[in-house]
Amino acid sequence: MAYRPLADEIRPTTLDEVVGQRHILGEDGLLRRVIEGGSIPNLIFYGPSGTGKTTVANIIAQRTNRPLHRLNATTASIADIKEIMEEIGTLLAPEGVLLYLDEIQYFNKKQQQSLLEFMENGKITLIASTTENPFFAVFGAVLSRATVFEFKTVTAADALPAVDRGISIMEKRLGARVACQEGVREHLAWACGGDIRKAMNAIELLLGAARRESGVITVTLDDAKTAAQKSAMRYDREGDAHFDIASALMKSMRGSDPDGALHYLARLLEAGDMITAIRRILCSASEDVGMAYPQAALIVKALVDNALQLGLPEARLPLAQAVILLATAPKSNSVYQGIAAAQADVRAGRTGDIPRHLQNVHADSAGLEREQGYLYPHGYPGHYVRQQYLPDELKDRRYYQFGDNKNEQAARRYWDEIKK
């Protein structure tokens, strides 16, 4: 008998067997009601790999009794689509076809447009899947003709029954009873990171290599950890996960949550992506802490330099220190707001001539030098003298507002005293 991967053998054949996705496939889930209604619209399934997108497409095909064609956009072409179209209206597909297009984000605009004519006349029911945000990855005309359903990461609790089913199938396949050390099942459910396919691959590898004595296969926790190591990591430097983790790191530092910040830093470092972590850390020092604790920028820069000199794995220590410092430091976004307001004026064309007393007198042409009227602040008490610095058109604009933290309020009081 031909070899059949465990991940394929365990694939659900009913909606009730699908792991997770209760929000759309539960008793009152919208996608479940659509499927059970029998009139299937064009669909886009969005979510991580191994969460049931292909499985649900197979179940839809079985319910509609329409031929199911599978294409993967990484290798398919327009010619493949035209070949499928030739079946429509024949005995092979009198009612049209169901086209499952995996990784649709890899189809270019022209390829996606080639689907439109057949989607509109109903000859093709398209079910496309993508691991990237469809509102960025899918051409607008295709998106407007389809309904998007998000498949969420499967939790460890949801994955545990699938792990048990996988072990049960392997027992029958191997003709032996499987005895798992305490924690093995739970570790496999957790370590798959929501990808049931990964969990089944780990089980197949683990049980196939385990020792058998007297008809019993014993699975140790150490072996389970080795078989499933780093499976829980979801990371693609060009995909959504990259931006999501980087965003979560910065928002955790901004939100003054050192635990969350350390978690997302650890995920970046485990993926070997130290540069993304460094960029977010350096940015946060000015964007989120800024004038509330200006010295943070200097300290963080020194810690980043240490990390770059050390390299991983030791670099995790100065980077963790930087993350904790920023997460626990007082916060101010006055720097961000100030430069954003100034740039908004410049981009809108609100600039004006630089006041004469601020211009570079040495750049004047010979014989055309004029009195600048510049007042040198250091020649006045408190090293300050009132004069106009913004162009006439903007002379009353205020970009920087003192934050309500101790450091900026101290500066405000100092300048209030000087300027009065």
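The present account deals with the structure reproduced in this document. Numbering of residues starts from 1 in every chain and runs along the sequence as written. It should be noted that, the model being predicted, local features are given only for residues of pLDDT at least 70 and side-chain atom pairs only at 80 or more, the latter also being counted only at that level, while totals for whole chains, interfaces and linings use all residues. Each side-chain value is worked out from all heavy atoms of the structure, with water and hydrogens disregarded.

## Focus on the packing of aromatic side chains
Whether two aromatic rings pair depends on their centres lying within 6.5 Å, for rings of Phe, Tyr and Trp, where Trp uses its six-membered ring; planes under 30 degrees apart make the pair stacked, over 60 edge-to-face, and the rest tilted. In the structure shown here, the tally under the stated rule is 4 aromatic pairs. Between the aromatic rings of tyrosine 384 and tryptophan 415, the centroid separation amounts to 6.2 Å while the plane-to-plane angle is 65°, which identifies the pairing as edge-to-face. Of the two residues, tyrosine 384 sits in the loop between α19 (334-347) and α20 (406-419) while tryptophan 415 sits in helix α20, which places them 31 residues apart along the sequence. Exposure remark for tyrosine 384: the relative accessible area of 21% places this residue in the partly exposed category. Summarising the aromatic geometry, the rings of tyrosine 400 and phenylalanine 402 are spaced 5.0 Å apart at their centres and angled 75° between planes, so their arrangement reads as edge-to-face. Residue exposure (1.4 Å probe, protein chains only): buried if accessible area is under 20% of the type maximum, exposed if over 50%, otherwise partly exposed. Here tyrosine 400 falls in the partly exposed class, since its relative accessible area comes to 35%. Of the aromatic side chains, those joined through ring pairs into one cluster are Tyr384, Tyr414 and Trp415. The helix count covers DSSP runs of H or I at least four residues long, the strand count covers runs of E at least two residues long, and both are numbered beginning at the N terminus.

## Some points on the pairing of strand β8 (residues 216-219)
Paired strands are those between which DSSP finds at least two bridges. As paired elements, strand β6 (residues 177-180) and β8 share 4 bridges and run parallel to each other. Bridge pairing in β8 links cysteine 180 to valine 219. Note that strand β7 (residues 212-213) and β8 share 2 bridges and pair antiparallel. Of the residues in β8, the one forming a bridge with glutamate 213 is valine 216. Hairpin connection between β7 and β8: a loop of 2 residues separates the two successive antiparallel strands, and serine 214 in this loop has a positive phi of roughly 55°.

## Some thoughts on the sheet that holds strand β5 (residues 147-150)
Taking strand neighbours across the sheet as the criterion, the 5 strands line up as β2-β3-β4-β1-β5 in an open arrangement whose pairing is parallel. The strands lining the two open edges of the sheet, one partner per strand, are β2 (68-72) and β5. Between one strand axis and the next, the sheet turns through 20° on average, direction left out of account. Pairing geometry for strand β1 (residues 43-46) and β5, over 4 bridges, is parallel. Residue isoleucine 44 lies in a different strand from β5, and its bridge partner there is valine 148. Working convention: axes come from line fits to C-alpha atoms, limited for helices to the stretch in contact. Angles between N-to-C directions cover 0 to 180 degrees.

## Details of the nonpolar core
In these notes, a set of buried Ala, Val, Leu, Ile, Met, Phe, Trp, Tyr and Cys residues joined through side-chain atoms within 4.5 Å is what counts as a nonpolar core. One finds Leu188, Ile196, Met200, Ile203 and Val219 to be the most contacted residues of the largest nonpolar core, which totals 30 residues. Of all the elements in the fold, those that place two or more residues in this core are α1 (6-9), α10 (156-174), α11 (184-191), α12 (196-209) and β8. Considering each element in turn, this core owes the most residues, 7 residues, to α12. Once residues within four sequence positions are removed from consideration, isoleucine 196 is found in contact with Val19, Gly50, Val154, Ala159 and Ala162. Ile245, Leu265, Ala285 and Ala322 belong to the second largest nonpolar core, which has 26 residues in total. Any pair of residues with heavy atoms lying within 4.5 Å of one another is described as a contacting pair.

## Topic: helix α15 (residues 258-270)
Its 13 residues place the ends of α15 18 Å apart at the C-alpha level, agreeing with the 18 Å of an ideal helix rising 1.5 Å per residue. Residues of α15 that are buried include every one of Gly260, Ala261, Leu265, Leu268 and Leu269, and no others. Here a polar contact is recorded for every N or O atom pair within 3.5 Å, except that within protein the pair must consist of a potential hydrogen donor and a potential acceptor, and residues adjacent in sequence are included only if both atoms are side-chain atoms. Two or three places before aspartate 259, at the opening of α15, aspartate 257 has a side-chain oxygen 3.1 Å from that residue's backbone nitrogen. Just past α15, the residue glycine 272 takes up positive phi, approximately 80°. Expected helix span is taken as 1.5 Å per residue step, with the number of steps being one fewer than the number of residues.

## Side note on the pattern of salt bridges
Counted as salt bridges are all cases of a side-chain nitrogen of Lys or Arg within 4 Å of a carboxyl oxygen of Asp or Glu. Scanning the entire structure with this criterion turns up 14 salt bridges. Arginine 32 is the salt-bridge partner of glutamate 36, the closest N and O atoms lying 3.1 Å from each other. In this pair, glutamate 36 and arginine 32 are both assigned in helix α3 (residues 30-37), 4 residues apart and thus about one turn of the helix distant. Between aspartate 288 and arginine 254 there is a salt bridge, and its shortest N-O distance comes to 2.7 Å. Here the residue aspartate 288 occupies a position in helix α16 (residues 274-289), and arginine 254 occupies one in helix α14 (residues 240-254), the gap between them amounting to 34 residues. By relative accessible area, which is 36% here, arginine 254 ends up partly exposed.

## Structural notes on α12
Along an α-helix, residues three or four apart share an orientation, since each turn contains 3.6 residues. Between its first and last C-alpha, α12 extends 20 Å over 14 residues, near the 20 Å set by a 1.5 Å rise per residue. Along α12, the residues classified as buried are Ile196, Ala199, Met200, Ala202, Ile203, Glu204, Leu206 and Leu207. Where α12 is buried, its residues meet α1, α10, β6, α11, β8 and α13 (221-227).

## Here we look at the pairing of β1
Neither face of β1 is left uncovered, since the one carrying Leu43 and Phe45 and the one carrying Ile44 and Tyr46 both have all their residues buried. Sheet analysis places β1 next to strand β4 (residues 124-130), joined by 4 bridges and oriented parallel. Pairing of phenylalanine 45 across the sheet is with serine 129, part of β4.

## Some remarks on the packing of α15 against helix α18 (residues 316-328)
When two helices pack together, their arrangement is given by the angle between the helix axes and the distance between those axes. With their axes 9 Å apart at the nearest point, α15 and α18 run at an angle of 150° to one another. On the basis of the axis angle, α15 is roughly antiparallel to α18. Considering only the axes of α15 and α18, their crossing is right-handed. Facing Pro258, Ala261, Leu262, Leu265 and Leu269 of α15, the residues of α18 in contact are Arg316, Leu319, Ala320, Val323, Ile324, Ala327 and Thr328. Orientation labels follow simple angle bins: below 35 degrees gives roughly parallel, above 145 gives roughly antiparallel, 65 to 115 gives roughly perpendicular, and whatever is left gives oblique. Crossing handedness is defined as follows: a turn of the near helix away from the far one that is anticlockwise and smaller than a right angle gives a left-handed crossing, while the clockwise case is right-handed.

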